[in-house]
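Each chain, letter by letter, is given below.
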Amino acid sequence: MLVKERMSSNLQTLRESVQVSEAMVIFKEKGLKRMPVVDAAGYLVGIITSEDILKVSPTQATSLSIHEINYILSKTFVYDVMQKQVVTISPEELIEEAAVMLRVNKIGAVVVVEGKKPVGILTESDIFDAFIDVLGFKSLGSRISIIVKDVPGVIADIGEVFKKRNMNITNIANFANGTYAEVLVRTDSYEIQGVMDDLESLGYEIDSLHQYY
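About the criteria used
- Residues numbered from 1 in each chain as written.
- Predicted model: local features only at pLDDT ≥ 70, side-chain atom pairs only at ≥ 80, totals over all residues.
- Heavy atoms only, no water.
- Axes fitted to C-alpha atoms, helices over the stretch in contact; angles between N-to-C directions.
- Helix = DSSP H or I, 4+ residues; strand = E, 2+ residues; numbered from the N terminus.
- Parallel < 35°, antiparallel > 145°, perpendicular 65-115°, else oblique.
- Left-handed = near helix turned anticlockwise from the far one by under 90°.
- Contact = heavy atoms within 4.5 Å.
- Nonpolar A, V, L, I, M, F, W, Y, C, P; charged D, E, K, R; others polar.
- Phe/Tyr/Trp six-rings, centres within 6.5 Å; stacked < 30°, edge-to-face > 60°.
- Buried < 20%, exposed > 50% of the residue type's maximum accessible area, 1.4 Å probe, protein only.

Engineer: Sorry, what's going on with the packing of helix α5 (residues 95–105) against helix α6 (residues 124–135) here?
Structural biologist: Interhelical geometry of α5 versus α6 gives an angle of 135° and a closest axis separation of 10 Å. Our classification of the angle between α5 and α6 gives oblique. For the pair α5 and α6, the crossing hand works out as left-handed. Note on element contacts: α6 touches α5 through E124, I127 and A130, opposite I95, A98, A99 and L102. Here the residues of the contact of α5 with α6 are counted per class, giving six nonpolar, no polar and one charged.

Put into structure tokens, the structure is as follows:
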């Protein structure tokens with residue numbers, strides 16, 4: 001799965017020369033948490049978040065008048081408060097690479113760029129959604145957890161059992177620790193007892209069965 005398949009391409013950007021007061025309005029109107037910042041050529045030069053905006057916004061406890069507040073905000077630009085170090089990724093990279101970037105850098109999103117220009121943004125929510133889809137959690141049918149030895153050929157054996165029963169595997173995932181592995185298999189069928197019997201006859205342990213209607 002590639003980054004371009006999961007990123008948000010309907011991208012809202014900000015010019016670095018925009019006043020912070022205008023950026024505040026855009027954040028509120030669009031309901032955004034972050035926006036890439038670009039220069040006059042459209043090249044990525046930073047990123048600004050709603051938290052960055054809050055840091056320079058006067059609190060209710062301020063002793064400044066409204067005129068003083070407006071004056072200060074009119075002299076503060078996106079360039080002054082944006083984060084200039086931006087973690088970026090190509091749309092052709094694997095989504096797993098993006099997940100590692102978020103984890104290592106402890107950030108909530110990565111900006112997707114082509115030729116130094118932002119073309120999308122990939123958030124941790126996008127990655128969570130991809131993970132859910134890979135595991136087929138939204139799918140109806142049966143989910144079997146199978147405990148197996150972590151040796152070559154196991155997945156092929158399991159697939160052959162389903163094939164002989166003329167049952168479709170909609171999702172499959174393998175979590176191995178070097179000795180044993182848990183194989184999660186999803187099928188769109190609810191008539192699963194025959195498959196479980198066949199797997200157990202091959203020496204595989206059925207750890208759990210969940211069905212979703």
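Engineer: Please explain the packing of aromatic side chains as it appears in this structure.
Structural biologist: What characterises a pair of aromatic rings is the spacing of the ring centres plus the angle enclosed by the ring planes. Counted according to the given criterion, the structure contains two aromatic pairs. With a centroid separation of 6.0 Å and an interplanar angle of 65°, the aromatic rings of F137 and Y212 are classed as edge-to-face. You can see F137 sitting in the loop between α6 and β7 (141–149) and its partner Y212 sitting in strand β10 (residues 205–212), a full 75 residues away along the chain. Take F137: its relative accessible area is 53%, and that puts it in the exposed class. Looking at Y212, the relative accessible area reads 24%, which means it is partly exposed. With a centroid separation of 4.4 Å and an interplanar angle of 5°, the aromatic rings of Y190 and Y213 are classed as stacked. Taken together, the positions of Y190 in the loop between β9 (180–187) and α8 (193–201) and Y213 in the segment after β10 put the pair 23 residues apart, joining distant regions of the chain. Of the residues examined, Y190 reaches a relative accessible area of 29% and is grouped as partly exposed.

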